[in-house]
Amino acid sequence: TRARTSTSRVPSAWAVTSVTCGTASGADTCKPTAGGGIIGTSAGLQPASTAKRQKERRTSTVPDLHTDMYVNLFIPRMARKTKAEAELTRHRIVECAREVFSKEGVTNTSLERIAKEAGVTRGAVYWHFRDKADLFMAVRTDTGTLLRLSDEAGRDPLHRLELSLRETLRRLREEDKSRLTYEVMLWKCEYVGEFSTVRDDLMAAGRGFLEEVTALYAEAKASGLTAPDLDPSLAALETFCLYAGMIKIWLAASPESGLRDQFAGLIEQHVNGRRSAVGHRLTPPSRSPKK
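Predicted, not measured: the structure shown is a model, and the values here were computed from it.

Trainee: Which residues make up the overall build of the protein chain, and what values go with them?
Mentor: Of regular secondary structure, the protein chain possesses 10 helices and five strands. In the protein chain, buried positions account for 37% of the 291 residues. Sequence separation of at least 24 residues holds for 61% of the intrachain contacts in the protein chain that already meet a minimum separation of 6. When the accessible surface of the protein chain is summed, it comes to about 17700 Å², and 54% of that surface belongs to carbon and sulfur atoms.

Trainee: Tell me about the packing of aromatic side chains, and name the residues and values.
Mentor: What the rule picks out here adds up to five aromatic pairs. Aromatic side chains F136 and Y191 sit 6.3 Å apart centroid to centroid with 75° between the ring planes, which places their arrangement in the edge-to-face category. Of this pair, F136 sits in helix α5 (residues 132-143) while Y191 is found in the loop between α7 (176-187) and α8 (196-222), placing the two residues 55 residues apart along the sequence. Relative accessible area serves as the criterion here: at 2%, F136 is assigned to the buried category. Ring centres of F209 and Y243 lie 5.0 Å apart, and the angle between their planes is 20°; this geometry places the pair in the stacked category. Of this pair, F209 sits in helix α8 while Y243 is found in helix α9 (residues 232-252), placing the two residues 34 residues apart along the sequence. Y243 matches F209 in its accessibility class, with the two residues each being buried. Each residue in the set F101, F136, Y191 and F195 is aromatic and connected to the rest through ring pairs, giving one cluster. The ring of W187 has K248 lying over it, and the distance from NZ or CZ to the ring centre is 4.7 Å.

Trainee: Any details on the pattern of salt bridges? Residues and values, ideally.
Mentor: By the definition in use, this model includes 19 salt bridges. Put simply, R160 and E219 hold a salt bridge, and the shortest N to O gap is 3.5 Å. On the criterion of sequence distance, the pair formed by R160 in helix α6 (residues 157-174) and E219 in helix α8 is long-range, its members being 59 residues apart. If you follow the salt bridges from partner to partner, you end up with E167, R170, R171, E174 and E175 in one network.

Trainee: Go over helix α3 (residues 111-118) with me, naming the residues and quoting the values.
Mentor: When α3 is considered as a whole, its buried residues turn out to be L111, I114, A115 and A118. Down the axis of α3, the buried side of the element spans an arc of 100°, and every buried residue falls inside it. In the segment just after α3, G119 is the residue with positive phi, at about 75°.

Trainee: How would you summarise the packing of α6 against α9 if you had to cite specific residues and measurements?
Mentor: Following both chains from N to C, one finds α6 and α9 inclined at 20°, their axes separated by 11 Å at the closest point. It follows that α6 is roughly parallel to α9 by the angle criterion. Along this stretch, α6 crosses α9, giving a crossing that reads as right-handed. Contacts between α6 and α9 pair L161, L165, T168, L169, L172 and R173 from the former with T239, Y243, M246, I247, W250 and L251 from the latter. Each residue belonging to the contact of α6 with α9 can be placed in one class, and the counts come to nine nonpolar, two polar and one charged.

Trainee: Report on the environment of Y126, specifying residues and quantitative values.
Mentor: Checked against the element boundaries, Y126 lands in helix α4 (residues 122-128). Residue classification places Y126 among the partly exposed positions, given a relative accessible area of 37%.

Trainee: Go over α5 with me, naming the residues and quoting the values.
Mentor: Because an α-helix packs 3.6 residues into every turn, residues spaced three or four apart end up facing the same way. Taking 1.5 Å per residue, 12 residues should reach 16 Å; α5 reaches 17 Å between its end C-alpha atoms and fits that length. Burial analysis of α5 places 10 of its 12 residues in the buried class, which makes it a mostly covered element. For α5, the full list of buried residues reads K132, A133, D134, L135, F136, M137, A138, V139, R140 and T143. Residue D131 occupies the N-cap position of α5, its side-chain oxygen lying 3.2 Å from the main-chain nitrogen of A133. Just downstream of α5 lies G144, where phi reads positive at about 90°.

Trainee: Go over the nonpolar core with me, naming the residues and quoting the values.
Mentor: F136 and Y243 are the most contacted members of the largest nonpolar core, which has 54 residues in total. In terms of residue count, α9 provides more of this core than any other element does, eight residues in total. Residues contacting Y243, with those up to four places away along its chain left out, are L146, L147, L165, T168 and F209.

Trainee: Which residues make up the environment of Y191, and what values go with them?
Mentor: Of the residues examined, Y191 reaches a relative accessible area of 17% and is grouped as buried. For the pair Y191 and T107, spaced 84 residues apart in sequence, the C-alpha separation works out to 9.7 Å. Beyond its immediate chain neighbours, meaning those up to four positions away, Y191 contacts F136, M185, S196, V198, R199 and L202.

Trainee: Describe the packing of α5 against α8, with residues and values.
Mentor: Following both chains from N to C, one finds α5 and α8 inclined at 25°, their axes separated by 10 Å at the closest point. Considered as vectors, α5 and α8 are oriented roughly parallel to each other. In contact with A133, F136, M137 and R140 of α5, α8 contributes V198, D201, L202 and A205. Tallied by class, the residues present in the contact of α5 with α8 amount to six nonpolar, no polar and two charged.

Calculation notes
Residues numbered from 1 in each chain as written. Predicted model: local features only at pLDDT ≥ 70, side-chain atom pairs only at ≥ 80, totals over all residues. Heavy atoms only, no water. Helix = DSSP H or I, 4+ residues; strand = E, 2+ residues; numbered from the N terminus. Buried < 20%, exposed > 50% of the residue type's maximum accessible area, 1.4 Å probe, protein only. Contact = heavy atoms within 4.5 Å. Areas by Shrake-Rupley, 256 points an atom, 1.4 Å probe, with all protein chains shown as cover. Phe/Tyr/Trp six-rings, centres within 6.5 Å; stacked < 30°, edge-to-face > 60°. Lys NZ or Arg CZ within 6 Å of the ring centre and 35° of its normal. Salt bridge = Lys/Arg side-chain N within 4 Å of Asp/Glu carboxyl O. Arc of directions from axis to C-beta. Axes fitted to C-alpha atoms, helices over the stretch in contact; angles between N-to-C directions. Parallel < 35°, antiparallel > 145°, perpendicular 65-115°, else oblique. Left-handed = near helix turned anticlockwise from the far one by under 90°. Nonpolar A, V, L, I, M, F, W, Y, C, P; charged D, E, K, R; others polar. Expected span 1.5 Å × (residues − 1). Polar contact = N/O pair within 3.5 Å; in protein donor to acceptor, adjacent residues only side chain to side chain. Core = buried A, V, L, I, M, F, W, Y, C linked by side-chain atoms within 4.5 Å.

In structure tokens form, the structure reads like this:
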């Protein structure tokens, strides 16, 4: 019977070696080739050295049904499962970090504490994140930008700005994730040491805010909705200061104080103050003037 040569790739615990197979006296026999490993039909698979296993590659021209089933079916499915589990672990670490940062502050929180809260090892935390600052930024990224400028068609730029500022208040009021994240960012983190780079990233986001709002004011000015001498960049800086201060005070104020309820009127007054005398007031006043 004509001999055939087969090289099989098998699980990492076993050698990958080339064997020459044929028939003799009616029984299949296999003998090792010059590779060092030993494979036989009666003895089964025997391990070989790691170095030789890493050098071997699968070059079989004859299907090895057992090995092909393992490689083509079991390993891909196992890899997909492992990747999905890793994503779930990472998400759980981020969620628990947000909770612990909010309760104990960033400085007082260790990665061991977060690992314990997430039910994982400290090594698992370091597998996904370089350090605490990296994990902190993951918490922020998971939340996303609080201010999302409205792009509603048919709305004038100033009205879109007002809607966007109001939306930030709604998100703080109704989304626990947003509220906890911005509490940590604005009240429970010191931007020193390893967190100095985090501060730079946050200021970069602030510059993005300024660019977008400047463009809105420039559009409003070109449409004749503002005073002709309005400086869009200075107007945007003023809005940025209002926004940052408003969010920080909103988070610090207790719900019972009633202070949070006044910010909608503050936003309305701020935006309408930018309108020229011929500009239209699109948002009705929050309360009727006293007679």
